[in-house]
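Chain residues, written in single-letter form:
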Amino acid sequence: MKTAKPSPDAPGLHSGTHGEVHDHGHARSHGGVERASVESALAMAEAYCRERGEKLTPIRRKVLELLLASGRATKAYSLLDEMRQIHPGSAPPTVYRALDFLLSAGLIHRIESINAFAVCHDLTQCQHGILVVCQQCGNVTELHEPKLRQALVAQIEAAGYRLAGDGIELKGLCAQCQESQANSAVKTAQPGAAGTPEAAAQSSSVIVR
Ligand SMILES: [Zn+2]
Ligand SMILES: [Zn+2]
């Protein structure tokens, strides 16, 4: 089965001295990011908005908080459900407007491949990296490899294109999901059960926007 793991000889795709890998899904197994780091991230985002002359209103803050706590890409309707548990009257436009604001402020990413939203690892000095998105569970990792990114953009421009946005998104299958697939394949013992056809195909697709 083809895996989503970067091959060891792919330059820049692993953390090293030239870059860091920031894993949004880091605290996943603990049920999201810890409370203290959520609070400090919110305080950072608040200060950042203030500097820009904008306001992290309670609703924007709440949506950001939900995304921080989930620690992975989350669909708008799940966010709306969660909002409704807190504020029963929450209407979809409220949540969408808050998401639009957070997007325009660069605090979150729209994850096109699974139609969801994830917090940018870097809430303030946002130099967006290359996003690797688990198509199964929504885990998002942002690779910070400015040289790799520049090289990619240069190639895209050499081909006569201009990126439609600042997001570069790679589809993948995270380590946990690869493991659970492998486990279920052992249980069912069916040939070819190790990976869904989509998962295998997705590991090599690139979305550029
Ligand atoms: Zn980012
Ligand atoms: Zn996953």
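Keep in mind that what you see is a predicted model, and the values were worked out from it rather than measured.

Rules and cut-offs
Residue indices follow the written sequence of each chain, beginning from 1 at its first position. Labels follow written order: the first chain is A, the first ligand is 1, and so on. Reporting of local features is limited, given that this is a predicted model, to residues whose pLDDT is at least 70; pairs of side-chain atoms are given and counted only at 80 or more, and all residues count toward the totals for whole chains, interfaces and linings. Strands are runs of DSSP state E lasting at least two residues, helices are runs of H or I lasting at least four, and both sets are numbered from the N terminus onward. Once C-beta atoms are placed from the backbone, each residue is buried if 20 or more other C-beta atoms lie within 10 Å of its own, exposed if 12 or fewer, and partly exposed for counts between those two. We call two residues in contact when the distance between their C-beta atoms, placed using the backbone, is within 7 Å. Between the first and last residue of a helix there are one fewer steps than residues, each counted as 1.5 Å, and that sum is the expected span. Axes, fitted as lines to C-alpha atoms, cover a helix only where it is in contact. Angles between the N-to-C directions of the axes lie from 0 to 180 degrees. Note that the term roughly parallel is reserved for angles under 35 degrees, roughly antiparallel for angles over 145, roughly perpendicular for angles of 65 to 115, and oblique for everything else. If you view the pair so one helix is near and one far, a crossing is left-handed when the near helix is turned anticlockwise from the far one by less than a right angle, and right-handed when it is turned clockwise. Residue classes follow a fixed rule: Ala, Val, Leu, Ile, Met, Phe, Trp, Tyr, Cys and Pro count as nonpolar, while Asp, Glu, Lys and Arg count as charged, and any other residue, Gly among them, counts as polar. Two strands pair under a simple rule: DSSP has to find at least two bridges between them.

S.K.: Just give me the short version of the overall build of the protein, but keep the residues and values in it.
M.R.: Counting its secondary structure elements, the protein contains seven helices and seven strands. Looking at the protein residue by residue over its 209 residues, the buried ones come to 32%. Pairs at least 24 apart in sequence give 65% of the contacts found in the protein among residues at least 6 apart.

S.K.: So, helix α2 (residues 58–70): which residues are in play, and what are the values?
M.R.: End to end, α2 covers 18 Å across 13 residues, agreeing with the expected 18 Å (1.5 Å per residue, within 8%). For α2, the set of buried residues is Arg60, Lys62, Val63, Leu64, Leu66, Leu67, Leu68 and Ser70. Taken together, the buried residues of α2 touch α1 (35–51), α3 (76–86), α4 (92–104), β2 (108–111) and β3 (116–119). The first or second residue beyond α2 is Gly71, which carries a positive phi of 70°.

S.K.: Got a sec to walk through the environment of Gln136? Specific residues and values, please.
M.R.: Tracing the backbone through its elements, the reader meets Gln136 in the loop between β4 (130–134) and β5 (140–144). The exposure class of Gln136 is buried, given the 20 C-beta atoms found within 10 Å. Through-space distance from the C-alpha of Gln136 to that of Cys174 is 8.1 Å; in sequence the pair is 38 residues apart. The residues touching Gln136, leaving out its near neighbours within four places in the chain, are Leu173 and Cys177.

S.K.: Now, about unusual backbone geometry: what can you tell me, with residues and values included?
M.R.: Here Asn115, not a glycine, exhibits a phi torsion of approximately 50°, which is positive. Assignment of secondary structure puts Asn115 in the loop between β2 and β3. Note on Asn115: 11 C-beta atoms within 10 Å, which makes it exposed.

S.K.: Outline the packing of α3 against α4, listing residues and values.
M.R.: Between two packed helices, what matters for the description is the angle formed by their axes and the separation of those axes. Close contact between α3 and α4 brings their axes to 10 Å; oriented N to C, the two are set at 120°. It follows from the interaxial angle that α3 and α4 lie oblique. Once α3 is placed against α4, the crossing between them reads as right-handed. Note on element contacts: α4 touches α3 through Pro92, Val95, Tyr96 and Leu99, opposite Ala76, Leu79, Leu80 and Met83. Across the contact of α3 with α4, the residue classes break down as eight nonpolar, no polar and no charged.

S.K.: A description of the packing of α2 against α3 should follow, citing residues and the corresponding values.
M.R.: Between α2 and α3, the least distance of the axes is 11 Å, while the angle of their chain directions is 120°. Crossing handedness for the pair α2 and α3: right-handed. Across the interface between the two elements, Lys62, Val63 and Leu66 of α2 pack against Leu79, Glu82, Met83 and Ile86 of α3. Class assignment for the residues of the contact of α2 with α3 results in five nonpolar, no polar and two charged.

S.K.: With reference to specific residues and values, describe the pairing of strand β6 (residues 168–172).
M.R.: For β6, the buried fraction is high: five of the five residues fall into the buried class. Side-chain alternation along β6 places Ile168, Leu170 and Gly172 on one buried face and Glu169 and Lys171 on a second face that is also buried. Sheet topology places β4 next to β6; five bridges connect them, and they run parallel. Paired with Ile130 across the two strands is Ile168, which belongs to β6.

S.K.: Give a detailed account of the pairing of β3, specifying residues and quantitative values.
M.R.: On β3, burial covers both faces: Ala116 and Ala118 on one face and Phe117 and Val119 on the other are all buried. Taken together, the four bridges between β2 and β3 define a ladder with antiparallel strand orientation. Each residue of the ladder has a partner; that of Ile108, found in β3, is Val119. With antiparallel pairing between neighbouring strands as the criterion, β2 and β3 make up a hairpin whose turn holds four residues, including Asn115 at a positive phi of roughly 50°.

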